[in-house]
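# Architecture at a glance
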Amino acid sequence: AITGSKAVWRAATLPVAIELDGMLGQQAGVANVIEVALAPALRWDMGRLANAVQVALRLAPLGVSYTSVVSPLERGPQGQGDRLLNYLFIELELSPPAAPSNAFFVRLHHRCTVYDLLNDYGANGEDFLALGYRYRF
């Protein structure tokens, strides 16, 4: 996957920001699916951990995820599913204080029906654990 994010708001006195995060990805294996996702994310810059690494937490509970086909992993008992689902992610980012534009992250990527609000086919989506590298410019 390739992702991009842009800060659209920063607090003046707190280490928080709201970012717009976009993603284009390819799933492979059980499902061969192209996914496009967009979500607003809350970013909390938590500071340094043991003076060795800068830590940030990002949370995006409500977004939009669209896939090229309905994944077989997201089909209910009757074989139905939706290409358009909610996109949620939780991410932990670590970067060296000497080079804050270079960061590594671990992200839980989740697609879901939001407790059957988007459909009631009996399938709730998929979870992916992603490891990545981010460069800020």
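The present account deals with the structure reproduced in this document. (Residues numbered from 1 in each chain as written. Predicted model: local features only at pLDDT ≥ 70, side-chain atom pairs only at ≥ 80, totals over all residues. Heavy atoms only, no water.)

With that settled, consider the pairing of strand E1 (residues 2-10). Relative to strand E2 (residues 16-27), E1 runs antiparallel, the two sharing 8 bridges. By the bridge assignment for E2, Trp9 is matched with Ile18. Remark: 5 residues form the turn of the hairpin made by E1 and E2, two consecutive strands paired antiparallel. (Pairing = 2+ DSSP bridges. Helix = DSSP H or I, 4+ residues; strand = E, 2+ residues; numbered from the N terminus.)

We now examine the nonpolar core. One broad rule of soluble globular proteins: the nonpolar side chains tend to lie buried together. Met23, Ala37, Ala39, Ala41, Ala60, Tyr87 and Phe89 together form the largest nonpolar core, which totals 7 residues. In terms of residue count, the dominant contributor to this core is strand E3 (residues 33-49) (3 residues). (Core = buried A, V, L, I, M, F, W, Y, C linked by side-chain atoms within 4.5 Å. Buried < 20%, exposed > 50% of the residue type's maximum accessible area, 1.4 Å probe, protein only.)

If you trace the backbone, His109 turns up in strand E7 (residues 102-112). A residue is classified by how much of its surface remains accessible, and His109, at 7% relative accessible area, is buried. Of the polar contacts made by the side chain of His109, one reaches the side chain of Glu35; its length is 3.1 Å. Among all residues touching His109, those that are not within four sequence positions of it are Met23, Glu35, Tyr87, Leu88, Phe89, Glu126, Asp127 and Phe128. (Polar contact = N/O pair within 3.5 Å; in protein donor to acceptor, adjacent residues only side chain to side chain. Contact = heavy atoms within 4.5 Å.)

It is worth spelling out the packing of aromatic side chains at this point. Scanning all chains against the criterion turns up 3 aromatic pairs. Ring centres 5.6 Å apart and planes at 50° place the aromatic pair Tyr87 and Phe89 in the tilted group. The pair formed by Tyr87 and Phe89 is uniform in burial state, with each residue classed as buried. In this arrangement the basic side chain of Arg107 is found over the ring face of Phe89, its NZ or CZ atom lying 3.9 Å from the centre. (Phe/Tyr/Trp six-rings, centres within 6.5 Å; stacked < 30°, edge-to-face > 60°. Lys NZ or Arg CZ within 6 Å of the ring centre and 35° of its normal.)

What follows deals with the environment of Asn51. In this structure, Asn51 sits in the loop between E3 and strand E4 (53-60). Sequence separation between Asn51 and Pro77 is 26 residues, and the spatial gap between their C-alpha atoms is 51 Å.

Right, let's get into the pattern of salt bridges. Throughout the structure, instances matching the rule amount to 12 salt bridges. Of the charged contacts, one joins Glu19 and Arg58 as a salt bridge, the two residues approaching to 2.9 Å between their closest N and O atoms. Taken as a pair, Glu19 in strand E2 and Arg58 in strand E4 lie far apart in primary sequence, 39 residues in all. What makes Glu19 buried here is its relative accessible area of 6%. One salt bridge in this structure joins Asp21 and Arg107, with 3.4 Å as the shortest N-O distance. One end of the pair, Asp21, is in strand E2; the other, Arg107, is in strand E7, and 86 residues separate them in sequence. For the pair formed by Asp21 and Arg107, the shared burial category is buried. (Salt bridge = Lys/Arg side-chain N within 4 Å of Asp/Glu carboxyl O.)

That is the geometry; function is a separate question.
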